[in-house]
Amino acid sequence: MEREPGDSRLFFRGLQSCSHEKMKLRKRKSASYFSSQKSTGRRGDHLGENIYLVLFTIALRLCNCFLVQTSFVPDEYWQSLEVAHHMVFNYGYLTWEWTERLRGYTYPLIFASIYKILYFLGKDSVQLLIWIPRLAQAVLSVIADLRLYSLMKQLENQQVAKWVFFCQLCSWFTWYCCTRTLTNTMETVLTIIALFYYPLEGSKSMNSIKYSSLVALAFIIRPTAIIPWIPLLLRHIWQEQRKLDLILHQFLPVGFVTLSWSLIIDRMFFGQWTLVQYNFLKFNVLQNLGTFYGSHPWHWYFSQGFPVVLGTHLPFFIHGCFLAPKRYRILLVTVLWTLLVYSMLDHKEFRFIYSVLPFCMVFCGYSLNHLKTWKKPALSFLFLSNMLLALYTGLIHQRGTLDVMTYIQELCYKNPNKSTASVFVMMPCHSTPFYSHVHYPLPMRFLECPPNLTGKSQYLDEADIFYLNPLNWLYKEFHNNSTLPTHLIIFSILEEEISAFLISRNYERTAVFFHTHLPEGRTGSHIYVYERKLKGKLKRR
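In this text the structure is predicted, and so the values were computed from the model without any measurement.

### Regarding the pairing of strand E5 (residues 487-491)
Turning to step 1, where the next piece is worked out: With respect to burial, E5 is a largely interior element, five of its five residues being buried.
Turning to step 2, where the next piece is worked out: The alternating pattern of E5 places His487, Ile489 and Phe491 on one face and Leu488 and Ile490 on the opposite face, and all of these are buried.
Turning to step 3, where the next piece is worked out: Two strands pair when backbone bridges link them, and strand E3 (residues 423-426) and E5 are joined in this way by four bridges, in the parallel orientation. What sits directly across from Phe424, in E5, is Leu488.
Turning to step 4, where the next piece is worked out: Alignment of E5 against strand E7 (residues 526-532), held across five bridges, turns out to be antiparallel. Bridge assignment links Phe491 to a residue of E7, and that residue is Ile527.

### Observations regarding the packing of helix H9 (residues 158-170) against helix H20 (residues 375-395)
Turning to step 1, where the next piece is worked out: Put simply, H9 and H20 touch, their axes get as near as 9 Å, and they point 25 degrees apart. In this view, H9 runs roughly parallel relative to H20, as classed from their interaxial angle. The residues of H20 that touch H9, namely those facing Trp163, Phe166, Leu169 and Cys170, are Lys375, Leu379, Leu382, Phe383, Asn386 and Met387.
Turning to step 2, where the next piece is worked out: Residues belonging to the contact of H9 with H20 are distributed by class as follows: eight nonpolar, one polar and one charged.

### With respect to the state of the cysteines
Turning to step 1, where the next piece is worked out: Within this structure, the stated rule accounts for one disulfide.
Turning to step 2, where the next piece is worked out: Covalently, Cys429 is tied to Cys449 through a disulfide, its sulfur atoms 1.7 Å apart. You can see Cys429 sitting in the loop between E3 and strand E4 (444-446) and its partner Cys449 sitting in the loop between E4 and helix H22 (462-468), a full 20 residues away along the chain.
Turning to step 3, where the next piece is worked out: As a non-bridged cysteine, Cys177 has Cys178 as the owner of its nearest cysteine sulfur, 8.0 Å distant.
Turning to step 4, where the next piece is worked out: Overall, the relative accessible area of 1% leaves Cys177 in the buried class.

### Quick look at the sheet that holds E4
Turning to step 1, where the next piece is worked out: Read across the sheet, five strands follow the order E4-E3-E5-E7-E6 without closing on themselves; strand pairing throughout is mixed. Strands at the two margins of the open sheet, each flanked by one partner only, are E4 and strand E6 (507-514). For this sheet the average axis-to-axis angle between neighbouring strands, irrespective of direction, equals 20 degrees.
Turning to step 2, where the next piece is worked out: Here helix H21 (residues 400-414) sits on the sheet in contact with E3, E4, E5, E6 and E7, set at roughly 130 degrees to E6.

### Re the UniProt feature "transmembrane region" (unreviewed entry) in the chain
Turning to step 1, where the next piece is worked out: Per the UniProt record, the feature "transmembrane region" (unreviewed entry) sits at residues 51-72, 128-148, 212-234, 246-265, 298-316, 328-345, 351-371 and 378-396.
Turning to step 2, where the next piece is worked out: End-to-end, the C-alpha atoms of residues 328-345 are 27 Å apart, and along that stretch the chain is 83% helix and 0% strand.

### Some remarks on the environment of Tyr435
Turning to step 1, where the next piece is worked out: Position of Tyr435 among the secondary structure elements: in the loop between E3 and E4.
Turning to step 2, where the next piece is worked out: Relative accessible area serves as the criterion here: at 11%, Tyr435 is assigned to the buried category.
Turning to step 3, where the next piece is worked out: In sequence terms Tyr435 and His85 are 350 residues apart; their C-alpha atoms lie 7.4 Å from each other.
Turning to step 4, where the next piece is worked out: Apart from residues no more than four positions distant in its own chain, Tyr435 is found in contact with Glu82, His85, Tyr91, Gly92, Tyr93, Tyr440, Pro441, Leu442, Pro443 and Met444.

### Examining the side chain of Arg180
Turning to step 1, where the next piece is worked out: Within the secondary structure, Arg180 sits in the loop between helix H10 (172-177) and helix H11 (183-197).
Turning to step 2, where the next piece is worked out: Within the structure, the side chain of Arg180 is placed 2.7 Å from the backbone oxygen of Tyr176, a separation counted as a polar contact.
Turning to step 3, where the next piece is worked out: Leave out the neighbours within four places in its chain, and Arg180 touches Val68, Thr70, Ser71, Phe72, Glu76, Tyr77, Tyr107, Arg134, Gln137 and Thr185.

### A look at the pattern of salt bridges
Turning to step 1, where the next piece is worked out: Tallied over the full model, the rule gives 14 salt bridges.
Turning to step 2, where the next piece is worked out: With a closest N to O distance of 2.7 Å, Arg61 and Asp145 form a salt bridge. Here Arg61, found in helix H4 (residues 51-66), pairs with Asp145, found in helix H8 (residues 126-155); they are 84 residues apart in sequence, far enough to count as distant. Each member of the pair, Arg61 as well as Asp145, is classed as buried.
Turning to step 3, where the next piece is worked out: The partner of Glu531 in a salt bridge is Lys533, and the shortest N-O contact between them spans 3.6 Å.
Turning to step 4, where the next piece is worked out: Judged by relative accessible area, which is 22%, Glu531 ranks as partly exposed.
Turning to step 5, where the next piece is worked out: With relative accessibility at 26%, the residue Lys533 sits in the partly exposed group.
Turning to step 6, where the next piece is worked out: Where salt bridges share partners, they join Asp75, Arg103, Glu349 and Arg351 into one cluster.

Calculation criteria
Residues numbered from 1 in each chain as written. Predicted model: local features only at pLDDT ≥ 70, side-chain atom pairs only at ≥ 80, totals over all residues. Heavy atoms only, no water. Buried < 20%, exposed > 50% of the residue type's maximum accessible area, 1.4 Å probe, protein only. Helix = DSSP H or I, 4+ residues; strand = E, 2+ residues; numbered from the N terminus. Pairing = 2+ DSSP bridges. Axes fitted to C-alpha atoms, helices over the stretch in contact; angles between N-to-C directions. Parallel < 35°, antiparallel > 145°, perpendicular 65-115°, else oblique. Contact = heavy atoms within 4.5 Å. Nonpolar A, V, L, I, M, F, W, Y, C, P; charged D, E, K, R; others polar. Disulfide = S-S within 2.5 Å. UniProt positions renumbered as here; feature names shortened; annotations may be inferred. Polar contact = N/O pair within 3.5 Å; in protein donor to acceptor, adjacent residues only side chain to side chain. Salt bridge = Lys/Arg side-chain N within 4 Å of Asp/Glu carboxyl O.

Spelled out as structure tokens, the structure:
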């Protein structure tokens, strides 16, 4: 059963005081008392906080947005912007997840709505199509940041809230992810805001309907979002006196409405009734077919993933775990539970545990609050180490795949012969964005890599077959010169291996883009663009 804010405040205060003090507090529960508290605490506030704090956070996240100019994972384009572009402009590429109905349209619909508005206003330039969705994601991250701060003020005091807020804002991984159009980013945003309404001991903003609605929405967008909420939901049910009412009158109606909304949206775009959340969980969890895209040992999140995501916050997190009161034990249990569940899946990525990173910031803030003599050095260390890493990963590491798409944009909009142009991206599959970053129906192709959905033995996708013998593959694929693309995009590591083909077909290198200082596998340090010349010899630049 949901409690009123005033009752919950008195209830949790009563847990920490003697019975005589409880009686005193109950005598103050009058309409005039609460109205005066409300009027003095909220006047001139926005999102429950001071306007200057709100403006500072907005300014910071806007800078954050424009200072992240690198690529992270393909999903930030192929599962959001590319789908939205296809929904609005009727061209784009839908990956196998959409043909197999493993993804839902709820999240891309947000960006499709933005694209539609830009289209009606005649402002659908490629730059606005790229940056407006990211700015929208940055604004949502601002709301989440402020909600985390407000929650800690309720649970503790402004001093502790300030350090938790500091840790949240200077986290390099949060900086790296919070403005990207990833379902993991939206999942994290919704998780933080839902936590604001969750019935933690001392919270004045608890609301079962609101937090369960946000959790349900996160589940619709990314079904694995339910994982961190399992211990939190069980705790709420366990502590609730009227358990049946909570489940029947709040959780079930919220789940029914949200799931119905998802089914209707997906019915509109798939053309048939589809429960994509079941398909997603079946593929990734029950069948564990995600291993096609890589597998890691069971301890990877504990030995590498979690330490990397936390970065230099790690010692403060460990310190804070010993200092934080028992009422935060549920947050620590949630973090450990999430790491354990994801550890059971073979396919692991850093972004999968992003949603519990804000939980960790609570313990980091508690650690900073209890530091005395070493506080200033600790703050300097945290800020500098995280900002250096954030700026490097945001501005330098893996930026070539976005820079080369800017080159393709210019090819479309500045080249008078653009109608004859065509592009073939000969890189690991989904290395670059696609039509969402070109916004022109230019013939483009890439090496495809769908998983083994038919159960074939010795299965190899197109990219695997290509990399077994790139030169031989090219000669077989393009035995007729009339089918040759005008532009080839490759990683530098591939150039020497296919140089004979490039020379024989009169391709000339016309552009070079830096990509990473840490090339590995099929990924090179630079990206080369080769253009086919009808006359003349291949020239090296």
